[in-house]
Each structure stands twice: as C-alpha cells, then as structure tokens.
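Residues per chain are reported as follows:
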Amino acid sequence: MADTETKEPHASGEEHHHPGVKEYVEIGVILAVLTAIEVGLYYADVPRQVAVPALLALTAAKFVLVVLWFMHLRFDSRWFRRLFWTGVIAASLLFFVTTILLTF
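Source: prediction; values computed, not measured. (Residues numbered from 1 in each chain as written. Predicted model: local features only at pLDDT ≥ 70, side-chain atom pairs only at ≥ 80, totals over all residues. Heavy atoms only, no water.)

A.B. asks: Break down the packing of helix H1 (residues 21-43) against helix H2 (residues 48-70) for me, citing the residues and quoting the values.
C.D. replies: Between H1 and H2, the least distance of the axes is 10 Å, while the angle of their chain directions is 165 degrees. Considering their axes alone, H1 and H2 lie roughly antiparallel with respect to each other. In terms of crossing hand, the pair formed by H1 and H2 is left-handed. Here Glu23, Tyr24, Ile27, Gly28, Ile30, Leu31, Leu34, Thr35, Ile37, Glu38 and Leu41 of H1 come into contact with H2, specifically with Ala54, Leu55, Leu58, Thr59, Ala61, Lys62, Leu65, Val66, Trp69 and Phe70. (Axes fitted to C-alpha atoms, helices over the stretch in contact; angles between N-to-C directions. Helix = DSSP H or I, 4+ residues; strand = E, 2+ residues; numbered from the N terminus. Parallel < 35°, antiparallel > 145°, perpendicular 65-115°, else oblique. Left-handed = near helix turned anticlockwise from the far one by under 90°. Contact = heavy atoms within 4.5 Å.)

The following block contains the structure:
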C-alpha cells in the first residue's frame with residue numbers, strides 16, 4: 001500500500017482507498033489558488049458580465065473539490081453520491097427559479 005493512501009473497510013465489508021496527506025495538501029493548494037483567483041477577480045477592473053460568471057464557476061469548482069475529497073463523497077457508495085447530487089440539483093433549480101421569478 002502506498003503511503004499516500006489508506007484502506008478503510010466500508011460498512012458492506014469492501015475496502016475503499018482514501019487519499020493520504022499528500023493528496024489533501026495538493027487539494028488544499030488548488031483551493032488556495034482558486035481563492036486567490038477569486039479575490040483577484042473581485043478587485044480587478046473586470047466587467048461584471050465576465051466577473052460574475054467567472055466567480056460562480058470558481059466557486060462551483062471549489063465546492064466540488066471540497067465535497068469530493070474533504071467530505072469523502074468520492075469514496076462513498078453510489079447511493080450516497082446520487083442522494084447528495086439530487087439534493088444539490090434540486091436546491092440549485094429552486095434557487096434559480098426563485099431568482100428569475102423575483103427578478104422579472
């Protein structure tokens with residue numbers, strides 16, 4: 001077994017590979033870089049039509065990284081992943097529909 005991974009038994013008896021310290025540090029550095037880009041975009045003289053979608057995309061990327069690695073969703077069963085993403089999609093749709101209805 002590599003020293004960057006650990007094996008932990010799952011409730012069903014099968015083993016899942018979890019990332020080690022090195023991978024967590026790499027994800028942390030990626031998150032820090034994405035955050036620095038977000039801060040730079042906020043303070044830069046970038047038109048709103050470009051900045052807002054870029055900030056939303058960067059935020060979504062950070063959300064996915066945190067959920068997949070730090071919340072271990074990447075290593076959970078498919079059932080938990082589907083349940084989580086169904087909730088995320090439903091909440092996002094509700095947010096966008098409400099925003100559209102309140103805007104117009």
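Now that the structure has been shown, the text picks up again.
A.B. asks: Go over the side chain of Lys62 with me, naming the residues and quoting the values.
C.D. replies: When you line up the elements, Lys62 lands in helix H2. Among the residues examined, Lys62 registers a relative accessible area of 19% and is labelled buried. (Buried < 20%, exposed > 50% of the residue type's maximum accessible area, 1.4 Å probe, protein only.)

A.B. asks: I'd love a proper account of the layout of surface pockets, names of residues and values included.
C.D. replies: By volume, the largest pocket is sized at about 230 Å³. Looking at the largest pocket, the residues that line it are Leu56, Thr59, Ala60, Phe63, Val64, Trp85, Val88, Ser92, Phe95 and Phe96. Of all the secondary structure elements, the ones that give two or more residues to the lining of the largest pocket are H2 and helix H3 (78-103). Broken down by class, the residue content of the lining of the largest pocket amounts to eight nonpolar, two polar and no charged. (1 Å grid on protein atoms, 1.4 Å probe; cavity = no way out; pocket = protein on both sides within 12 Å on 5 of 7 lines; lining within 4 Å. Points joined across faces, edges and corners; volume = space filled by probe spheres on them. Nonpolar A, V, L, I, M, F, W, Y, C, P; charged D, E, K, R; others polar.)

A.B. asks: Account for the side chain of Glu38, with residues named and values stated.
C.D. replies: Within the secondary structure, Glu38 is located in helix H1. Setting aside its immediate chain neighbours within four residues, Glu38 contacts Leu55, Leu58, Thr59 and Lys62.

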